[in-house]
Amino acid sequence: MTGLKMHRVFYAWVLLLAGPLFFDQATFAAAIPVELRQTEGGWQLLRNGEPYLIRGAGGSGSLERLAAAGANSVRTWSVDGAEEILDEAHELGMTVTVGIWLGHERHGFDYHDPSQVEAQLQQAREAVLKYRDHPALLLWGLGNEMEGFESGDDPVIWAAVNDIAAMVKELDPNHPTMTVTAEIGGGRVESLHKNSPEIDIHGINSYGGAPTVAERLREGGGTKPYVITEFGPVGPWEMPTTDWGAPYEQTSTQKADFYARSYQQAIVEADGQALGSYAFLWGTKMEGTATWFGMTLNDGAKLGALDVMTEIWSGEAPPDLSPTIEPLVLDGPAALEPGAVFESSVDVADPEDEDVVLKWVLRPESGEYLTGGDFRPLLPDIDGAVVEAAGNKATIRMPEEPGPYRLFAYAHDPAGNAAVANIPLLVKGQVRPRMPVFVYEDGFESMPWAPSGWIGNVDSLTLDGDYGEVTYQGPAAIRMHYTGRHNWVGVAWQNPPNNWGDQDGGFDLTGASALELWARGEYGGEKVSFGVGLLENREYSDSAVVKTDTVALTSDWKRYRLSLEGEDLSSLKTGFVVTLQGRRSPVTIYLDNVRFIRE
């Protein structure tokens, strides 16, 4: 079977990340026209004939709170929930850059497969038809970092982007088109100008490099106007690291200063090429650490970044500012023996001279700093790690388990404002992967391996990784539906996606004793097998290949366990394989909580 055929059938699960494939044909009273105009002073957006500078943020936080801070726009990455966002933004006098998600090759999307590309274009068409007349619509954001993190110059990708942009302009002449790239290095600027002329605006996600975007874009030949579509703190990939590879994170006070500097140099001093910006992140998320991105904490407490952006957006600073915080100080080295006890201190201050309450927390380190924005679950606090805390000091006991950790200090003032700082730590010794390691847990986005390896009679298979009607635990499970008469079909979870042994990758799961999962059939009697590893005698083989005998599922959820004792798990490119046998009638099975465990 050709790789093209496998990729073709695989596009469906990737497009699920972008939102529904079909939309109601709802329309709105009247679109407010938005025009892009070049004047002697530079580029300018005109909304309903009036100059419009984007003062916005991206994220899922409260729009009412965002508007109250002085922002006038919000950005989405896809059309998920777009109608509600547009309606609320309109009520608040705000606008929306509506994102249309375009597939990423790291998720398994193949821009060289015409069927996938056409399906994506049709999905974009439906979104435009649905939302083009909404009065809150400002711009179309076609894709986000779909060019990847390497050179970003694949002409096939840029041709697909251009085709979508041309279609959008034909259907909606009232709103400009924008596409968003991961910074402007490699071949991005040249590719955008040469291969995507139907794109009006260059959206740029830039963090540590935001202050120099305008200068670098001009030097690189960029002539299109731009919007800074993400900016904020220096990213984990841009910061200095410890000897064990953990990046140092700026304090919330340092981040606030960097937000202000980035805006000043990327927008105010851009000589007429910038149309505005979207600060990142409006809300909170786990990416790098629990606090790396976000203008608030999980409890909603305002951080210094929101203070400076409120002043930028509204022209006035908030009446009660967030505390300031300095980097954490240790009384010894950051690499410690198991169970070691040490002391840490931090200097905090409140601009209104109110009392500040400190909370200390030790957490495991994620070890993942280049997620591309993919969802990651929050890591738990380690109970008992804080031995004593008084004033600006805390006594901490490290765990016995070797590996990387991170110590956080949270400062809150009486008004509910906050500051946060952290420092990476290490418990010396042989590090084993923390268990469990999930292959699948409530959605495809959180998976370290992608279900990109389709084998067997794949034309008759559909795969839904966000199926919510039949689950063992949590909101979603995997549903495999096979309509082939007899024959067989299977799916392999691969890292990187579409890795058939010609790419390095995979994960070291040394220390795992078993693969565990829950499975059931639609009616019972469905015959399946499960495995770990698939690639043998390849340039980059799996370090172990283990599978079960054929088992017959029941109509109730049942736990299955594949022993990995004595296996070499040092390099698993294929984290999980499931195959099922066809029969005269369609076969449907469900999988959930697929994970490596240590018993």
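Values in this document were obtained by computation on a predicted structure and should not be read as measured data.

This part takes up the sheet that holds strand 21 (residues 418-427). Strand order in the open sheet formed by four strands is 14-21-20-17, and the pairing between neighbours is mixed. A strand with exactly one partner marks an edge of an open sheet, and here the two such strands are strand 14 (335-336) and strand 17 (357-364). Where strand 14 and strand 21 come together, two bridges link them in parallel fashion. In the sheet register, Ala 335 faces strand 21, and the bridge partner there is Leu 426.

Let's shift gears to the pattern of salt bridges. Pairing is possible between side chains of opposite charge, provided their charged atoms come close. Tallied over the full model, the rule gives 19 salt bridges. Residue Glu 198 pairs with Lys 169 through a salt bridge whose shortest N-O separation is 3.7 Å. In this pair, Glu 198 sits in the loop between helix 6 (188-195) and strand 9 (201-205) while Lys 169 sits in helix 5 (residues 155-171), placing the two residues 29 residues apart along the sequence. For Glu 198, a relative accessible area of 28% corresponds to the partly exposed category. In this structure, Lys 169 engages Asp 200 in a salt bridge whose closest nitrogen and oxygen atoms are separated by 2.8 Å. With Lys 169 in helix 5 and Asp 200 in the loop between helix 6 and strand 9, this residue pair connects regions lying 31 residues apart in the sequence. Beyond isolated ion pairs, a larger network of salt bridges with shared partners links Glu 516, Arg 559, Arg 561, Arg 595 and Glu 599.

On to the packing of aromatic side chains. By the definition in use, this model includes 16 aromatic pairs. Plain terms: the ring middles of Tyr 467 and Tyr 590 are 5.7 Å apart, the flat faces sit at 35° to each other, and that makes the pair tilted. With Tyr 467 in strand 24 (residues 461-467) and Tyr 590 in strand 33 (residues 587-597), this pair connects stretches of sequence that are 123 residues apart. The pair Tyr 467 / Tyr 590 is uniform in exposure class, with both members buried. Ring pairs connect the aromatic residues Trp 77, Tyr 207, Trp 237, Phe 280 and Phe 293, which therefore count as one cluster. If you follow Arg 363 out to its NZ or CZ, it ends over the ring of Phe 408, 4.7 Å from the centre.

To continue, consider unusual backbone geometry. The linkage connecting Phe 280 with the following residue, Leu 281, adopts the cis geometry, with an omega of 10°. Note on placement: Leu 281 falls in the loop between strand 11 (274-280) and helix 9 (304-314). With an omega dihedral of -10°, the bond running from Asn 495 to Pro 496 counts as a cis peptide bond. By the element assignment, Pro 496 lies in the loop between strand 26 (488-494) and strand 27 (514-521).

Next up on the list: a negative patch on the surface. On the surface, Glu 64, Glu 84, Asp 87, Glu 88 and Glu 91 cluster together to form a negatively charged patch. Among the elements that make up the negative patch, the one with the highest residue count is helix 3 (residues 82-91) (four residues).

Within the secondary structure, Glu 536 sits in the loop between strand 28 (527-532) and strand 29 (546-547). Put simply, Glu 536 and Trp 500 are 36 residues apart on the chain and 9.7 Å apart in space, counted from C-alpha to C-alpha. With residues near it in sequence (within four places) discarded, Glu 536 still touches Ser 541 and Val 545.

What follows covers the confidence of the model for the protein chain. Chain-level pLDDT for the protein chain is 91 on average; 93% of the residues reach the 70-or-more range. Across residues 1-28, where pLDDT falls below 50, the model places 78 contacts with residues more than four positions away in sequence or in other chains.

On to the nonpolar core, then. Counting 62 residues, the largest nonpolar core has Leu 66, Ile 100, Trp 140, Tyr 226, Met 295 and Trp 313 as its most contacted members. For this core, the leading source of residues is helix 5, giving nine residues. Not counting chain neighbours up to four residues away, the residues in contact with Met 295 comprise Tyr 259, Ala 279, Leu 281, Trp 282, Gly 283, Ala 301, Lys 302, Leu 303, Ala 305, Leu 306, Met 309 and Trp 313. Counting 40 residues, the second largest nonpolar core, distinct from the first, contains Leu 461, Leu 463, Tyr 560 and Leu 591.

What counts, and where the lines are drawn
Residues numbered from 1 in each chain as written. Predicted model: local features only at pLDDT ≥ 70, side-chain atom pairs only at ≥ 80, totals over all residues. Heavy atoms only, no water. Pairing = 2+ DSSP bridges. Helix = DSSP H or I, 4+ residues; strand = E, 2+ residues; numbered from the N terminus. Salt bridge = Lys/Arg side-chain N within 4 Å of Asp/Glu carboxyl O. Buried < 20%, exposed > 50% of the residue type's maximum accessible area, 1.4 Å probe, protein only. Phe/Tyr/Trp six-rings, centres within 6.5 Å; stacked < 30°, edge-to-face > 60°. Lys NZ or Arg CZ within 6 Å of the ring centre and 35° of its normal. Patch = residues over 30% accessible without salt bridge, like charges linked within 9 Å, V, L, I, M, F, W, Y side chains within 5 Å. Areas by Shrake-Rupley, 256 points an atom, 1.4 Å probe, with all protein chains shown as cover. Lys, Arg positive; Asp, Glu negative; His and termini not counted. Charge placed at Lys NZ, Arg CZ, Asp CG, Glu CD. Contact = heavy atoms within 4.5 Å. pLDDT = per-residue confidence, 0-100. Core = buried A, V, L, I, M, F, W, Y, C linked by side-chain atoms within 4.5 Å.

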